[in-house]
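Overview (structure and organization)
Residues per chain are reported as follows:
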Amino acid sequence: MPTYVVTGCAGFIGWKTCEQLLCHGATVVGIDNLNTAYDPRLKLWRLRRLHAYASFRFVRADITEKSALEPILKRSEPDAVLNLAARAGVRQSLQDPWSYYATNLIGTLNLLELCRELGIPKFVLASTSSVYGAGTPPFREEDATDRPLSPYAASKRAAELLCATYHTLYGLDITVLRYFTVYGPAGRPDMSLYIFTERLLRGEPLEIFGDGAQERDFTYVDDIADGTVRALRPLGYAVINLGNCQRIRLLDAVRLLGELLQRSPQLVFRPAHPAAVPATEADISRARALLGWSPQTPFAEGIRHLVEWHLRHRQELERISVSEL
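Here is a short report on the structure shown in this document. (Residues numbered from 1 in each chain as written. Predicted model: local features only at pLDDT ≥ 70, side-chain atom pairs only at ≥ 80, totals over all residues. Heavy atoms only, no water.)

Some details on the sheet that holds strand β2 (residues 27-32)
To keep it simple, the criterion reads: DSSP bridges decide pairing: two strands pair if at least two such bridges lie between them. Here a helix means four or more residues in a row that DSSP labels H or I, a strand means two or more in a row labelled E, and each is numbered from the N terminus. Between N-to-C directions, angles span 0 to 180 degrees; the directions come from axes that are lines fitted to C-alpha atoms, helices contributing only their stretch in contact.
In space, the 7 strands of this open sheet follow the order β3-β2-β1-β4-β5-β6-β11, with parallel pairing throughout. The open sheet terminates on both sides in strands that have one partner only, identified here as β3 (56-60) and β11 (237-242). Strand-to-strand twist of the sheet, defined as the mean angle between neighbouring strand axes without regard to direction, takes the value 20°. One ladder, built from 4 bridges, connects strand β4 (residues 80-83) with strand β5 (residues 122-128); its direction is parallel.

What follows is the structure, given as structure tokens:
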């Protein structure tokens, strides 16, 4: 069976992707630095579930340190590297752009160099719909991506370009996946649906930046992990959107959460953030054609799973710090 190295294995998408690979019988070597970008107790919660698989091995390391990565990849002899480690979050990247560039760009460079040096044939990069900036949805992969609105988006676009260079120069088979607003159980506590759910349960008001009419293409994490696993097939070089193809208005998402939790949301409106975009929606024609992939989880079903997970883990989650949007 194949062996895969997955960076960011204790992250939201990395955890689910590892889980699917392990269920398919693969050996997975997970790398994560378990940083404090958000409450690490949630990362440890995910990691404990991966340790239940005999074919999973965890190594604590930082992808910004090439010398630490080299022996891991040499010992593992992987069939592919999936770089799902990232500093994520649009607003936070305005406060500390240096850490975003270190992880998202230098980390990607280190892994690409090691793939070249060690003859690892396949590389998958997690990117983001944020690279489309304030364009007009639905977004297609060939749309302009030269005006990102945040250091986070700019760092991810730079990493994409680096991947294109390594494919052209060295023939690496590389797939770049642009994820659209991923949500689900055990999600990041700096994402809107996690924050809103926890604040509703804790009886706290919800801060809405802007008028709440902004729309997002919320995509369920299991669907994203499925698309990521499918992207391991040989494609040469490809950039592929993974999204749910449906715009959900933020206030409608809040209303649905309130109904499921039987709570009345107390809304506090704040000025819109300059890095926020009004709407996102993915065109996934390429994902269907190249990966045979399409989302399977309607938003109403996915949000119900998210709420059920929060209710089931109340005792643990009340200790988790809820980030600001």
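There is more to say after this.
Overview of the nonpolar core
Condition: In these notes, a set of buried Ala, Val, Leu, Ile, Met, Phe, Trp, Tyr and Cys residues joined through side-chain atoms within 4.5 Å is what counts as a nonpolar core. Throughout, exposure labels follow a simple rule: accessible area from a 1.4 Å probe, protein chains only, divided by the maximum for the residue type, with under 20% read as buried, over 50% as exposed, and the rest as partly exposed.
Counting residues in hydrophobic clusters, the biggest one holds 51 residues, and the most contacted among them are Leu21, Phe56, Tyr179 and Leu242. By residue number, the principal contributor to this core is helix α1 (residues 12-23), which donates 6 residues. Grouped together as the second largest cluster of nonpolar side chains are 27 residues, Val29, Ala61, Leu69 and Cys163 included.

Considerations on the side chain of threonine 3
For clarity, the cut-off: In what follows, a contact means two residues having at least one pair of non-hydrogen atoms within 4.5 Å.
Relative to the helices and strands, threonine 3 resides in strand β1 (residues 3-7). Apart from the residues lying within four places of it in its own chain, the contact partners of threonine 3 are Thr27, Val29, Ser76, Pro78, Asp79 and Ala80.

So, the packing of aromatic side chains
For clarity, the cut-off: In summary, the pairing rule links any two rings of Phe, Tyr or Trp, Trp by its six-membered ring, whose centres are within 6.5 Å, and it sorts them by plane angle into stacked for under 30 degrees, edge-to-face for over 60 and tilted for everything else.
A complete count under the given rule lists 11 aromatic pairs for this structure. Pairing tyrosine 132 with phenylalanine 180 gives two aromatic rings, centres 6.2 Å apart and planes at 35°, and the pair type is tilted. Linking tyrosine 132 in the loop between β5 and α6 (151-170) with phenylalanine 180 in the loop between β6 (173-179) and β7 (182-183), this pair joins segments that are 48 residues apart in sequence. On the basis of relative accessibility, which here comes to 4%, the residue tyrosine 132 falls in the buried class. By relative accessible area, which is 0% here, phenylalanine 180 ends up buried. For the ring pair tyrosine 166 and tyrosine 170, a centre distance of 5.1 Å and an interplane angle of 55° mean the geometry is tilted. Of the two residues, tyrosine 166 and tyrosine 170 both sit in helix α6, 4 residues apart, roughly one turn of that helix. In this structure tyrosine 166 comes out as buried when scored by relative accessible area, which is 7%. Members of the aromatic cluster, connected to one another through ring pairs, are Tyr183, Phe218, Tyr220 and Phe299.

What about the side chain of threonine 280?
Defined as follows: Counting of polar contacts relies on pairs of N or O atoms within 3.5 Å, with two restrictions inside protein: one atom must be capable of donating a hydrogen and the other of accepting it, and residues adjacent in sequence are counted only when both atoms are side-chain atoms.
For threonine 280, the location among the structural elements is in the loop between β13 (267-270) and α10 (285-291). One polar contact links the side chain of threonine 280 to the main-chain amide nitrogen of aspartate 217, over a distance of 3.1 Å.

Considering the pairing of β2
Condition: For the handedness criterion, the strands are oriented away from the viewer, and a crossover whose path from the first strand over the helix to the second runs clockwise is classed as right-handed.
Burial of β2 is extensive: 5 of the 6 residues sit out of reach of the surface. This β-α-β element, β1 to α1 to β2, shows right-handed connectivity. Of the pairings in the sheet, the one linking β2 to β3 comprises 5 bridges and is parallel in character. Its bridge partner being in β3, valine 29 is matched across the sheet by arginine 57. After leaving β2, the chain enters helix α2 (residues 40-50) and then returns to the sheet as β3, a path that is right-handed.

So, helix α11 (residues 299-312)
Let me state the cut-off plainly: Multiply 1.5 Å by the residue count of a helix minus one, and that product is the helix's expected span. By arc we mean the arc of the directions from the helix axis to the C-beta atoms, nothing more.
Its 14 residues give α11 an end-to-end C-alpha distance of 20 Å, which sits within 8% of 20 Å, the value for a rise of 1.5 Å per residue. Considered for burial, the residues of α11 that qualify are Phe299, Gly302, Ile303, Leu306, Val307, Trp309 and His310. One side of α11 holds all its buried residues, which, seen down the axis, span an arc of 160°.

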